[in-house]
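Tertiary structure, described
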Amino acid sequence: MGQVAKDFDLTETAVRDWIRQAEVNAGERDGLTSDEREELARLRRENRRLREDVDILKRATAFFAKETR
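So, here's what we can say about the structure. All of these numbers come straight from a predicted model, not from anything done at the bench.

Side note on the environment of glutamate 38
With respect to the helices, strands and loops of the structure, glutamate 38 is situated in helix 3 (residues 34-67). Accessibility expressed as a relative area gives 54% for glutamate 38, which makes it exposed. Between the C-alpha atom of glutamate 38 and that of threonine 13, which follows or precedes it by 25 residues, the distance is 21 Å.

If you want it as structure tokens, here you go:
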């Protein structure tokens, strides 16, 4: 690993992390695969956006409820 890192001007930690992730993706090690990590990130972004949408709708509902009184 050390030589590969040196050859490509990388840190050993980066190479070690890539190897670990490749082992997870191949089913040789427990953990989230790259696809699962991407899906999790996408779902978290979507969840954050939906929470913001709900917050906006709550504020709009409160505003219009005051206006109709």
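Next comes the rest of the account.
Some remarks on unusual backbone geometry
The backbone of aspartate 9 sits at a positive phi, close to 55°, despite the residue not being glycine. Locating aspartate 9 in the fold gives a position in the loop between helix 1 (2-7) and helix 2 (12-25). Owing to a relative accessible area of 71%, aspartate 9 belongs among the exposed residues under this scheme.

Observations regarding the packing of aromatic side chains
Under the counting rule described, the total for this entry stands at 1 aromatic pair. Seen in terms of ring centroids, phenylalanine 63 and phenylalanine 64 are 5.2 Å apart; in terms of plane orientation they differ by 75°. Their pairing is edge-to-face.

Thoughts on a nonpolar patch on the surface
A cluster of nonpolar side chains, namely Val4, Phe8, Leu10 and Trp18, defines an oily patch on the protein surface of about 440 Å² accessible area. Relative to the helices and strands, leucine 10 resides in the loop between helix 1 and helix 2. Using a relative accessible area of 33% as the deciding quantity, one classes leucine 10 as partly exposed.

A short note on helix 2
Compared with an ideal rise of 1.5 Å per residue, which puts 14 residues at 20 Å, helix 2 spans 20 Å between its outermost C-alpha atoms and is within 8% of the ideal. All of the buried residues in helix 2 are Val15, Gln21 and Val24. Looking at the buried residues of helix 2, the elements they touch are helix 1 and helix 3.

Let's talk about the side chain of glutamine 21
Checked against the element boundaries, glutamine 21 lands in helix 2. Every residue in contact with glutamine 21, bar those within four places of it in the chain, is listed here: Leu32, Thr33, Ser34 and Arg37.

Quick look at the pattern of salt bridges
Per the stated rule, a full pass over the model turns up 6 salt bridges. Salt-bridge contacts for arginine 49 lead to aspartate 53; the nearest nitrogen and oxygen are separated by 3.1 Å. Of the two residues, arginine 49 and aspartate 53 both sit in helix 3, 4 residues apart, roughly one turn of that helix. Given the relative accessible area of 43%, arginine 49 is considered partly exposed. Residue arginine 59 is joined to aspartate 55 by a salt bridge in which the shortest nitrogen-to-oxygen separation is 3.1 Å. Here the residue arginine 59 and the residue aspartate 55 both occupy positions in helix 3, the gap between them amounting to 4 residues, near one helical turn.

Definitions and limits used
Residues numbered from 1 in each chain as written. Predicted model: local features only at pLDDT ≥ 70, side-chain atom pairs only at ≥ 80, totals over all residues. Heavy atoms only, no water. Helix = DSSP H or I, 4+ residues; strand = E, 2+ residues; numbered from the N terminus. Buried < 20%, exposed > 50% of the residue type's maximum accessible area, 1.4 Å probe, protein only. Phe/Tyr/Trp six-rings, centres within 6.5 Å; stacked < 30°, edge-to-face > 60°. Patch = residues over 30% accessible without salt bridge, like charges linked within 9 Å, V, L, I, M, F, W, Y side chains within 5 Å. Areas by Shrake-Rupley, 256 points an atom, 1.4 Å probe, with all protein chains shown as cover. Salt bridge = Lys/Arg side-chain N within 4 Å of Asp/Glu carboxyl O. Expected span 1.5 Å × (residues − 1). Contact = heavy atoms within 4.5 Å.

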